[in-house]
Amino acid sequence: MSVERINPAELSPPAGFSHAVAATGSRLVFLAGQTALDTAGKVVGATLPEQFERALAGLLAALAAAGGAPADLVRVTVYAVDVAAYRAHAPELGRIWRRLAGRDYPAMAVVGIVRLWDEDAMVELDGIAVLDA
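Below: a short report on this structure. (Residues numbered from 1 in each chain as written. Predicted model: local features only at pLDDT ≥ 70, side-chain atom pairs only at ≥ 80, totals over all residues. Heavy atoms only, no water.)

1. Regarding helix 1 (residues 48-65)
Going by this rule: Each helix is a run of DSSP H or I of at least 4 residues and each strand a run of E of at least 2, with the numbering of both proceeding from the N terminus. Helix span, expected: 1.5 Å multiplied by one less than the number of residues in the helix. Only protein chains enter the accessibility calculation, which uses a 1.4 Å probe. A residue is then buried if its area is under 20% of the maximum for its type, exposed if over 50%, and partly exposed in between. Think of it as the arc spanned by the lines of direction from the helix axis to the C-beta atoms. Only heavy atoms matter for contacts: two residues are in contact if any of them lie within 4.5 Å across the pair.
With 18 residues, helix 1 extends 26 Å between its outermost C-alpha atoms, agreeing within 8% with the 26 Å of an ideal straight helix rising 1.5 Å per residue. Considered for burial, the residues of helix 1 that qualify are Leu48, Pro49, Gln51, Phe52, Ala55, Leu56, Leu59, Leu60 and Leu63. All buried residues of helix 1 lie within an arc of 165° about the axis, which places them on one face of the element. For helix 1, the secondary structure elements touched by its buried residues are strand 3 (27-34), strand 4 (73-80), helix 2 (83-88), helix 3 (90-101) and strand 6 (123-131). Gly67 sits one or two positions beyond helix 1 and adopts a positive phi of about 95°.

2. Examining the sheet that holds strand 6
Where we set the bar: Strands pair, by our definition, only if DSSP identifies at least two bridges between them. With axes taken as lines fitted to C-alpha atoms, and helix axes fitted only over the stretch in contact, angles between N-to-C directions fall between 0 and 180 degrees.
Strand order in the open sheet formed by four strands is 3-6-4-5, with mixed pairing between adjacent strands. Where the open sheet ends on each side, the last strands, each with one partner, are strand 3 and strand 5 (107-112). Going across the sheet, the axis of each strand differs from the next one's by a mean of 10°, ignoring polarity. Pairing geometry for strand 4 and strand 6, over seven bridges, is antiparallel. The partner of Thr77 across the bridge, within strand 6, is Asp126. Helix 1 contacts strand 3, strand 4 and strand 6 of the sheet and is inclined by roughly 25° relative to strand 6.

3. Looking at the pattern of salt bridges
In plain terms, the rule: A pair is scored as a salt bridge if a Lys or Arg side-chain nitrogen falls within 4 Å of a carboxyl oxygen belonging to Asp or Glu.
For the coordinates displayed, the defined rule picks out two salt bridges. For the salt bridge of Arg99 with Glu53, the shortest nitrogen-to-oxygen distance reads 3.1 Å. Placement of the pair is Arg99 in helix 3 and Glu53 in helix 1, with a sequence separation of 46 residues. Judged by relative accessible area, Arg99 falls into the exposed class, the value being 53%. Among the residues examined, Glu53 registers a relative accessible area of 28% and is labelled partly exposed. The salt bridge involving Glu119 is made with Arg115; its shortest N-O contact spans 3.6 Å. Since its relative accessible area comes to 43%, Arg115 is described here as partly exposed.

This is the structure we're talking about:
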């Protein structure tokens, strides 16, 4: 699989994402939304960063089970119930991302929503990865 991260000079400099990602490979992996659920199905984490870390770890665990690695992510969408809080915690969330997933950023979007399936969840992440066969 090869991935090209594209960040045109005429767009604002990306911070923690890529403007576009071109990928070649033969296997697409669609990753379901992950929140901060524990193995018993309960939301854990009292803060947005704690929940973000748990959700990202879950997304990466699903990706690993499919045979992928963080660098294979080409698209991630973050759903946040409080975008202002997400922006306020952005530096810490970026550190969590780099610790768990590295610096190969996928194309990303943060979408503000009213609520998630689990009422106590503050954030959910889903994604798409491209892997070799």
